[in-house]
Amino acid sequence: MNISQLETLITISKTMSFRKAGELLNLTQPAVSAQIKSLEDEFRTVLVDRTQPVTLTDRGMVFLNHAERILDIVDELKLKLSDLDQNPQGHIVLGTTTSIAIQILPRILSYFQDQFPLIKTSIQSMPSSQIYQQVENSMIDVGIGYLIERNPNLNTSVLYYDTFELVVSPHHPLAQKKHATIDVLGTTPLIMLSPDTVGRKFVDDILQKHQIEPNVVMELSSSEEIKRMVELNLGAAVISKQSTASELRSGSLVMIPLSELGVAHPVGVIYKSTRYLNSAMQQFLSDLKGMPETQFVSSE
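Worth saying up front: this structure is predicted, and the values here are computed from it rather than measured.

## What to know about the sheet that holds strand E10 (residues 237-240)
Phase 1 of the analysis: If you walk across this open sheet you meet the three strands as E10-E7-E11, and the pairing is antiparallel. In this open sheet, the two edge strands, each paired with only one partner strand, are E10 and strand E11 (254-256). Each adjacent strand pair in this sheet contributes to an overall mean axis angle of 50 degrees, direction not counted.
Phase 2 of the analysis: The pairing of strand E7 (residues 164-168) with E11 spans three bridges and is antiparallel.

The following block contains the structure:
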């Protein structure tokens, strides 16, 4: 058994095709078949059902689970050996929300890449609730999002605090008000975040607590989309104050204070507690957690 054979089996499980697996691995189809046959001969069992589409047998699924763990160990070994060279290199995958990515990541990543030019960093955008799952499943290395739950398998550290605010277009009837009561959320057409977001769950809790039935005219997946719709005066919205900092400064959005929304929500870094952290990851997390809150909070 060798690493190449394990990689081939894993690729077949994803592509459900010997031909497609070969294309991804730069192998001929006969070479792919030979690698799987060699594994099956060595372990004296059938791992792959070759009817179309190709699937793994029950024994193949058990084998797949162990193959993935073996490759994880090999990857960890490579990282540890790379650290010994004192020249960190590799790939870090960050997961965060769209608004956080736009607000804080450019200056963080530019600083980090100046320090570690051989580290490739990519960003995946997703709701905060999904960040936890992706970090725990090792789909992403580090998450930056709202700290909404406790998980014994994850480490978290607060970076800054955010609030959610009611915002409208300067042409909206509420724009001239210096303050409003919570009842306004029941009489004003609202553009809401999608139900799987932290902001939406917070607003839903507030509405339920005050027995308010909202007039939802639109649901969107990100604060960036919502801001554009509010600027067009298509409705009001309750979204992150930090995500609206530039629009509030320019006057394209107006914030209407509601005392009931004045709850501070921690935003922080999330990473798996059992995952090996190479020197680049350690430095990245250390620098991130060591930055003062003013680095993240935009001034108005």
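## Some words on the packing of aromatic side chains
Phase 1 of the analysis: Evaluation of the coordinates by the stated rule reveals three aromatic pairs.
Phase 2 of the analysis: For the pair Phe43 and Phe63, a centre-to-centre distance of 5.0 Å together with 80 degrees between the ring planes defines the contact as edge-to-face. In this pair, Phe43 is assigned in helix H3 (residues 29-43) and Phe63 in helix H4 (residues 58-83), connecting sequence segments 20 residues apart.
Phase 3 of the analysis: By the ring-pair criterion, three or more aromatic residues cluster together here, those being Tyr146, Phe164 and Phe202.

## With respect to helix H5 (residues 98-115)
Phase 1 of the analysis: The end-to-end C-alpha separation of H5 is 25 Å, in line with the 26 Å expected for 18 residues at 1.5 Å each.
Phase 2 of the analysis: Of all the bends in H5, the greatest, near 55 degrees, is centred on Leu105, and the proline Pro106 appears no more than four residues after it.
Phase 3 of the analysis: Every buried residue of H5 is accounted for by Ser99, Ile100, Ala101, Gln103, Ile104, Leu105, Ile108, Leu109 and Phe112.
Phase 4 of the analysis: Measuring from the side-chain oxygen of the N-cap residue of H5 to the backbone nitrogen of Ile100 gives 3.3 Å; that N-cap residue is Thr97.

## Quick word on the pattern of salt bridges
Phase 1 of the analysis: Considering all chains together, one arrives at 11 salt bridges under this definition.
Phase 2 of the analysis: A salt bridge links Glu247 to Lys227; the shortest N-O distance between them is 3.0 Å. Of this pair, Glu247 sits in helix H10 (residues 245-250) while Lys227 is found in helix H9 (residues 223-231), placing the two residues 20 residues apart along the sequence.
Phase 3 of the analysis: Classification of Glu247 as buried rests on a relative accessible area of 8%.
Phase 4 of the analysis: The class for Lys227 is buried, based on a relative accessible area of 2%.
Phase 5 of the analysis: Among the charged side chains, a salt-bridge network with shared partners connects Glu224, Lys227, Arg228, Glu231 and Glu247.

## Focus on the pairing of strand E12 (residues 265-272)
Phase 1 of the analysis: The buried count for E12 comes to seven of eight residues, which makes it a mostly enclosed element.
Phase 2 of the analysis: Relative to E12, strand E6 (residues 154-162) runs antiparallel, the two being bridged by eight bridges. Across the sheet, the residue bridging to Leu154 is Lys272, located in E12.

## Considerations on unusual backbone geometry
Phase 1 of the analysis: Omega for the bond connecting Gln52 with Pro53 falls within 30 degrees of zero, at -5 degrees, which places this linkage in the cis form.
Phase 2 of the analysis: By the element assignment, Pro53 lies in the loop between strand E1 (48-49) and strand E2 (55-56).
Phase 3 of the analysis: Phi is positive for Ser138, which is not a glycine, with a value near 60 degrees.
Phase 4 of the analysis: With respect to the helices and strands, Ser138 occurs in the loop between helix H6 (128-136) and strand E5 (142-146).
Phase 5 of the analysis: The partly exposed category is assigned to Ser138, whose relative accessible area is 33%.
Phase 6 of the analysis: A positive phi angle, near 55 degrees, is found at Gln211, a position not held by glycine.
Phase 7 of the analysis: Of note, Gln211 is situated in the loop between helix H8 (198-209) and strand E9 (215-220).

The rules behind the values
- Residues numbered from 1 in each chain as written.
- Predicted model: local features only at pLDDT ≥ 70, side-chain atom pairs only at ≥ 80, totals over all residues.
- Heavy atoms only, no water.
- Pairing = 2+ DSSP bridges.
- Helix = DSSP H or I, 4+ residues; strand = E, 2+ residues; numbered from the N terminus.
- Axes fitted to C-alpha atoms, helices over the stretch in contact; angles between N-to-C directions.
- Phe/Tyr/Trp six-rings, centres within 6.5 Å; stacked < 30°, edge-to-face > 60°.
- Expected span 1.5 Å × (residues − 1).
- Bend = angle between axes of the 7 residues up to and from the residue.
- Buried < 20%, exposed > 50% of the residue type's maximum accessible area, 1.4 Å probe, protein only.
- Polar contact = N/O pair within 3.5 Å; in protein donor to acceptor, adjacent residues only side chain to side chain.
- Salt bridge = Lys/Arg side-chain N within 4 Å of Asp/Glu carboxyl O.

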